[in-house]
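Chain and residue survey
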There are 4 protein chains.
Amino acid sequence: MHTIHDTQSFSFASDNYAGMHPRVLAALAAANQGHLSAYGEDVYTQALQQKMQTLFGESAHCFPVFNGTGANVTALQAMLPRWGAVICAETAHINCDEGIAPEYAGGVKLLPVPTPDGKLTPGLIDQQAWGFGVPHRAQPGAVYISQTTELGTCYSVAEIKVLADHCHQLGMMLYMDGARLANAVAALSVDVKTMTTDAGVDMLSFGGTKNGMMLGECVLTLNPSLAQAMPYLRKINSQLGSKMRFISAQFLALLEADLWLELARHSNAMAQKLYTGIQAIPELTITQLPQANAVFAQMPLSVAAQLHQQYHFYDWNQHTGEVRWMTSFDTTEAQVEAFVKDIQAAFAAAR
Amino acid sequence: MHTIHDTQSFSFASDNYAGMHPRVLAALAAANQGHLSAYGEDVYTQALQQKMQTLFGESAHCFPVFNGTGANVTALQAMLPRWGAVICAETAHINCDEGIAPEYAGGVKLLPVPTPDGKLTPGLIDQQAWGFGVPHRAQPGAVYISQTTELGTCYSVAEIKVLADHCHQLGMMLYMDGARLANAVAALSVDVKTMTTDAGVDMLSFGGTKNGMMLGECVLTLNPSLAQAMPYLRKINSQLGSKMRFISAQFLALLEADLWLELARHSNAMAQKLYTGIQAIPELTITQLPQANAVFAQMPLSVAAQLHQQYHFYDWNQHTGEVRWMTSFDTTEAQVEAFVKDIQAAFAAAR
Amino acid sequence: MHTIHDTQSFSFASDNYAGMHPRVLAALAAANQGHLSAYGEDVYTQALQQKMQTLFGESAHCFPVFNGTGANVTALQAMLPRWGAVICAETAHINCDEGIAPEYAGGVKLLPVPTPDGKLTPGLIDQQAWGFGVPHRAQPGAVYISQTTELGTCYSVAEIKVLADHCHQLGMMLYMDGARLANAVAALSVDVKTMTTDAGVDMLSFGGTKNGMMLGECVLTLNPSLAQAMPYLRKINSQLGSKMRFISAQFLALLEADLWLELARHSNAMAQKLYTGIQAIPELTITQLPQANAVFAQMPLSVAAQLHQQYHFYDWNQHTGEVRWMTSFDTTEAQVEAFVKDIQAAFAAAR
Amino acid sequence: MHTIHDTQSFSFASDNYAGMHPRVLAALAAANQGHLSAYGEDVYTQALQQKMQTLFGESAHCFPVFNGTGANVTALQAMLPRWGAVICAETAHINCDEGIAPEYAGGVKLLPVPTPDGKLTPGLIDQQAWGFGVPHRAQPGAVYISQTTELGTCYSVAEIKVLADHCHQLGMMLYMDGARLANAVAALSVDVKTMTTDAGVDMLSFGGTKNGMMLGECVLTLNPSLAQAMPYLRKINSQLGSKMRFISAQFLALLEADLWLELARHSNAMAQKLYTGIQAIPELTITQLPQANAVFAQMPLSVAAQLHQQYHFYDWNQHTGEVRWMTSFDTTEAQVEAFVKDIQAAFAAAR
């Protein structure tokens with residue numbers, strides 16, 4: 001099997017357009033050969049469990065799965081009774097980008113709340129957190145937040161603590177979708193345990209795919225009461241990999257010597273560089289504070305169309321001309337510089 | 001990340017205890033670097049689609065997914081109305097080894113039939129294929145067969161044709177779980193299209209994981225009416241990989257120069273070698289005809305216990321002493337020879 | 001079994017606080033005795049089917065079920081593929097008052113839209129009707145409207161036609177929750193076929209419980225392609241009654257000599273009488289146009305609290321003091337007059 | 001609405017071909033008129049709860065629902081985690097007669113066991129009660145028995161105790177489908193609490209429909225840990241009736257002065273009379289011990305065909321000529337005598 005794509009290609013579409021980091025690829029080779037027990041009974045998965053406990057505390061349990069939707073559906077089921085509902089931002093990935101997986105496969109109802117920046121607050125949660133004990137009303141049992149959010153913003157540690165306390169006071173659990181957890185930890189320069197376990201997060205996903213892995217996420221139960229259900233839920237959601245050593249080994253490579261943070265810091269820095277390069281363009285509006293590896297910008301539709309001829313990226317709102325530009329672990333300074341020039345040229349041409 | 005396992009370890013537990021073939025690993029490296037569109041909009045997945053059409057005919061569509069349970073659940077949903085049921089052997093993987101994924105996540109009822117050898121026949125199907133049009137009765141809409149079966153046996157092309165005709169006459173579809181499709185094609189020495197598309201199979205899974213891939217299966221729709229639903233069903237079952245190039249590239253490596261058949265032939269040959277080596281042992285009964293890469297044998301419990309001290313393998317029936325020994329693409333002649341000797345020694349010691 | 005409640009009690013809480021109309025009770029007696037085939041194979045259900053075809057046209061099929069949630073879940077499943085979603089008003093009954101039945105039991109995702117009056121428009125529908133063909137996005141396949149709405153408002157025939165055309169142009173179906181269909185027909189003074197079949201409604205529920213029946217709703221397929229699925233879906237949603245004659249007979253009594261419209265007209269008239277009696281109160285705001293049998297009014301919290309001491313009714317918004325007052329087929333003029341007096345007195349006392 | 005059926009018609013098809021008992025109809029009238037809180041907040045439902053506690057003990061909670069499938073699906077969900085499975089007889093109603101409601105709507109997997117007489121034993125349960133803790137295996141969490149069984153047989157109190165103990169030792173719960181509970185209590189001449197609560201049954205349904213009610217079953221939680229989930233589960237399974245007083249009032253009528261047992265005793269006696277009348281026919285084989293209100297008999301196909309010309313009844317096995325004859329609360333001695341004569345005549349004609 002030969003390479004049939006342009007290995008120099010790059011884009012600002014998504015961090016999952018990138019491939020895998022060389023050390024992740026090397027980890028696949030290192031974990032290969034010989035026979036190992038399947039379904040997680042292998043030394044790589046055991047080592048990963050230990051590593052995760054080092055990061056998240058002794059009570060953390062780690063369950064490697066295939067992808068983010070699988071992680072979310074499985075985790076929400078673990079936190080909720082059969083009749084439970086999840087409060088989330090209207091822009092949440094589970095509400096917008098997972099088909100009807102949470103509802104059909106998960107059996108979960110979402111209670112979405114409009115937000116300005118993809119972030120929930122106790123006040124916003126309260127718009128849906130009511131009707132407890134009334135069978136006619138879907139029973140809110142968990143709150144879903146994304147860190148970083150789908151809009152490239154971050155919750156501070158203090159904000160997460162407030163949310164967790166609020167959830168627990170209302171008898172709900174707090175779930176953090178960490179598909180881009182590394183970018184948040186890098187952006188906030190905090191310890192990951194401080195931002196999760198210590199802040200009161202009950203359960204989270206730890207994303208690998210968007211940060212240089214080939215494939216793989218971890219579901220982490222921080223509230224130990226949630227761990228028991230996970231092996232069964234992972235199985236019935238088709239998220240139990242047989243040759244799990246290869247998912248675990250990727251994570252071990254990512255966590256070794258803090259590669260995960262190094263990659264996220266780089267990715268974030270590239271977004272900042274992009275942001276810095278374009279913020280002076282008068283006809284362009286930055287619509288969200290770029291805290292991690294995404295830049296949301298609004299521009300005339302014609303300018304966006306012009307840029308689309310050369311670059312892959314997502315239209316966030318086809319009516320307003322808002323677009324999303326995303327950097328990844330392998331985005332280079334030169335690529336950003338070229339992109340900034342092309343953006344400026346597109347605006348100039350449109351004037 | 002360093003190698004932390006014994007790369008010389010081997011077992012006869014399962015073909016998913018093995019790692020990946022070097023050419024599969026090389027394919028991951030070849031597909032790496034640069035940015036490619038996610039979720040299957042990449043050149044590797046396009047090339048795979050073409051390759052699969054070469055193998056299965058122009059009307060075949062190919063949908064890479066993560067694992068076998070995901071493939072089965074998704075495929076069954078595609079073939080069935082919301083109220084549909086699936087006839088399968090009592091020993092079927094969907095009935096015994098997928099938790100309640102078919103029922104809970106798939107919303108599907110299984111109608112199991114006892115079989116002597118894991119194989120359905122029209123007569124066995126008819127034990128459950130009745131009550132059409134009666135809402136009280138779960139409506140049989142598809143028949144599930146495994147090729148090779150969970151008992152290591154194979155359907156001949158003629159048998160598959162008879163099943164497909166029988167299904168279609170009753171208004172049902174025929175699904176083939178091909179987690180070990182390669183082993184069946186190798187065992188029967190037939191063209192894969194003859195055994196599937198031409199025989200009337202409506203849908204199948206094409207297994208990669210158990211034949212030297214790191215991870216990945218393909219759902220194939222041969223009946224073109226089934227293709228339209230698949231992108232949506234794959235998504236809601238959490239089986240849509242973002243960096244899909246890496247699953248597709250593995251399959252391309254496996255299909256190139258018929259590596260898949262070469263590996264399966266080797267694996268089957270190792271099972272035959274094992275079978276040949278032990279069939280003369282008087283206290284041992286071969287319980288299923290070893291047609292592919294599994295040997296089912298019954299022996300005194302004490303002998304099985306003795307062998308377990310040295311080898312990983314599955315007890316098929318803890319009461320009768322029936323065990324399953326499985327070979328894989330990387331099983332060596334020396335390993336089989338050593339195992340045969342150890343089996344003989346265990347019997348000798350027990351005499 | 002003796003009467004153990006106050007048969008003179010009345011309330012403005014809900015039309016399902018009322019009992020059944022004497023002619024409905026008489027119908028139960030008339031249908032009693034002797035043996036009849038169960039599950040709908042009886043002469044009463046056959047007569048109902050004919051009656052419904054007289055009302056809704058030859059292509060209508062009628063499926064009696066137990067309650068409104070059962071009718072809605074079953075109907076939505078009939079209109080949608082497994083991956084389908086339903087656009088509805090944020091205030092829709094399926095979104096607010098059915099627990100997570102649509103999601104958990106139905107496997108359906110709701111796409112809610114805020115509305116000022118509980119009514120959808122093409123523009124409001126378009127807020128959610130997008131992303132067709134994109135598996136990441138829940139696929140809108142049906143639009144749910146209530147007639148009358150949960151806010152006591154009505155769609156005109158012209159409005160329904162516009163919605164139906166809009167839905168069909170987008171490849172979606174239009175479902176009407178007619179839990180209070182009679183009240184809408186009575187309010188609009190139109191023929192029921194004009195408002196449904198002829199306007200392009202694909203499927204609807206015809207409510208009996210809230211209009212003087214003991215229990216029972218009918219799911220009606222007007223688009224004949226939807227009829228085939230219904231017997232199976234009704235069964236798997238536990239909505240197939242065995243002694244169905246007793247549900248059908250109630251409907252026959254209701255439909256005979258247009259009793260259903262007579263009761264609805266009366267109920268609506270009582271709401272108008274209530275509205276007329278209180279609209280001059282200066283501190284009271286009517287928040288929705290009272291088109292059917294509900295009056296929504298906003299008042300100081302203290303006044304609402306005062307009235308609660310004497311009457312059962314629902315707080316619609318505990319923060320703003322908005323309440324819902326509902327009349328039913330058996331609400332009397334004297335009851336309304338007494339209530340109006342008590343409302344006026346409560347306001348007077350608060351001044 | 002007039003009577004349009006033959007009120008003298010009778011059959012031996014099913015106890016749900018019958019109508020309602022006059023005292024049940026009278027109870028509907030007695031509970032009518034005036035306004036009562038909906039959804040179970042009424043005095044009739046409160047009285048029923050008290051009555052049920054008198055029958056089943058202080059810790060019993062009672063949840064009226066619409067039908068047997070709804071009762072079963074709701075109850076099984078209450079006893080099982082999301083990944084749980086139910087062991088049942090192959091002939092169980094949930095396995096044969098509820099479409100795919102347990103699987104699709106309930107999310108439950110059934111683990112059926114062949115039985116000679118529709119009755120489970122610890123040994124039969126053990127055929128499926130294994131694999132605890134192994135995520136690949138559906139996790140058995142409850143055992144479903146029917147009392148009386150679908151084959152007209154009964155469990156003795158001692159047998160139920162043994163089953164309950166066995167379930168509890170294995171960490172499973174015992175559920176009793178009591179669609180014909182009255183017939184079992186009448187047949188065994190035991191106190192209902194002895195047969196349920198005291199025997200260790202965790203949850204049961206108490207059937208009304210098949211014993212002279214128009215419609216209605218009660219789910220009863222005897223194990224008090226199960227009560228909390230029921231209001232929510234009843235709602236999401238569309239089993240929460242709004243005018244619940246009318247279901248509760250029927251039950252109160254049935255329970256008053258032990259009418260339920262009187263009706264069941266009569267029904268059972270009519271089956272015994274039928275059995276006695278035909279057992280001497282040499283070509284006829286009684287295939288199940290007729291302990292309650294059903295008689296299973298095997299005869300030449302021609303004889304069965306002859307009887308079908310005059311009577312409604314179910315063929316249990318179209319190949320062997322086994323049929324089911326069922327009596328009901330309103331079956332008369334004269335009807336049985338006429339039927340016996342016609343059976344004898346049919347055999348005579350065939351000789």
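Because the structure is a prediction, the values reported are computed rather than measured.

With respect to the relation of the copies chain C and chain D
Note on the copies: chain C fits chain D at an RMSD of 0.0 Å, the axial shift is 0.0 Å, and the rotation between them is 180°. Taken together, the rotation and translation describe the operation of a two-fold axis. Across chain C, the rotation axis passes nearest the C-alpha of Ala-105 of chain C, at a separation of 2.4 Å. A high fraction, 100%, of the interface residues of chain C reappear at the interface in chain D, so the copies pair face to face through one surface.

Focus: the pattern of salt bridges
A side chain with one charge can pair with a side chain of the opposite charge if their charged atoms come near. All names here are of chain B. Across all of its chains, the model carries 28 salt bridges over all chains by this definition. For Lys-119, the salt bridge goes to Glu-159, with nearest N and O atoms at 3.0 Å. Note that Lys-119 is positioned in the loop between strand 3 (109-113) and helix 6 (122-126) and Glu-159 in helix 7 (residues 157-169), a separation of 40 residues in sequence. Since its relative accessible area comes to 12%, Lys-119 is described here as buried.

A short note on the confidence of the model for chain A
A residue-level look at chain A finds 100% of positions with pLDDT of 70 or above and a mean pLDDT of 97. On the interface metric, ipTM, the complex scores 0.97, and its pTM is 0.97.

Some thoughts on the domain arrangement of chain A
Residue and element names in this part refer to chain A. For chain A, the assigned domains read domain 1 (21-258) and domain 2 (259-350). On a C-alpha basis, the centres of domain 1 and domain 2 stand 28 Å from each other. Each side of the interface is counted separately: domain 1 has 27 residues, and domain 2 has 21 residues. The largest contributions to the domain 1 side of the interface with domain 2 come from Leu-151, Asn-183 and Asp-258, which together make up 25% of the buried area. Along the contact surface separating domain 1 from domain 2 lie zero salt bridges. Seen at the junction of domain 1 and domain 2, the total is 12 residue pairs in polar contact (both at pLDDT 80 or more). Contributing elements (two or more residues each) for the side of domain 1 that touches domain 2: helix 8 (181-188) and helix 11 (245-255). Considering each element in turn, the side of domain 1 that touches domain 2 owes the most residues, five residues, to helix 8. Each residue belonging to the side of domain 1 that touches domain 2 can be placed in one class, and the counts come to 14 nonpolar, seven polar and six charged.

Let's talk about the packing of helix 11 (residues 245-255) of chain C against helix 12 (residues 259-278) of chain C
Residues and elements named next belong to chain C. Here helix 11 crosses helix 12 at 70°, and the two axes come no closer than 5 Å. In terms of orientation, helix 11 and helix 12 fall into the roughly perpendicular class. Taken together, the residues of helix 12 that come into contact with helix 11 (itself represented by Ala-253, Leu-254 and Leu-255) are Leu-259, Trp-260 and Leu-263. When grouped by side-chain class, the residues that make up the contact of helix 11 with helix 12 number six nonpolar, no polar and no charged.

How each quantity is defined
Residues numbered from 1 in each chain as written. Chains lettered and ligands numbered in written order. Predicted model: local features only at pLDDT ≥ 70, side-chain atom pairs only at ≥ 80, totals over all residues. Heavy atoms only, no water. Least-squares fit on C-alpha atoms with pLDDT ≥ 70 in both. Contact = heavy atoms within 4.5 Å. Salt bridge = Lys/Arg side-chain N within 4 Å of Asp/Glu carboxyl O. Helix = DSSP H or I, 4+ residues; strand = E, 2+ residues; numbered from the N terminus. Buried < 20%, exposed > 50% of the residue type's maximum accessible area, 1.4 Å probe, protein only. pLDDT = per-residue confidence, 0-100. Domains from an automatic or database assignment. Buried area = accessible area lost by both parts, 1.4 Å probe. Polar contact = N/O pair within 3.5 Å; in protein donor to acceptor, adjacent residues only side chain to side chain. Nonpolar A, V, L, I, M, F, W, Y, C, P; charged D, E, K, R; others polar. Axes fitted to C-alpha atoms, helices over the stretch in contact; angles between N-to-C directions. Parallel < 35°, antiparallel > 145°, perpendicular 65-115°, else oblique.

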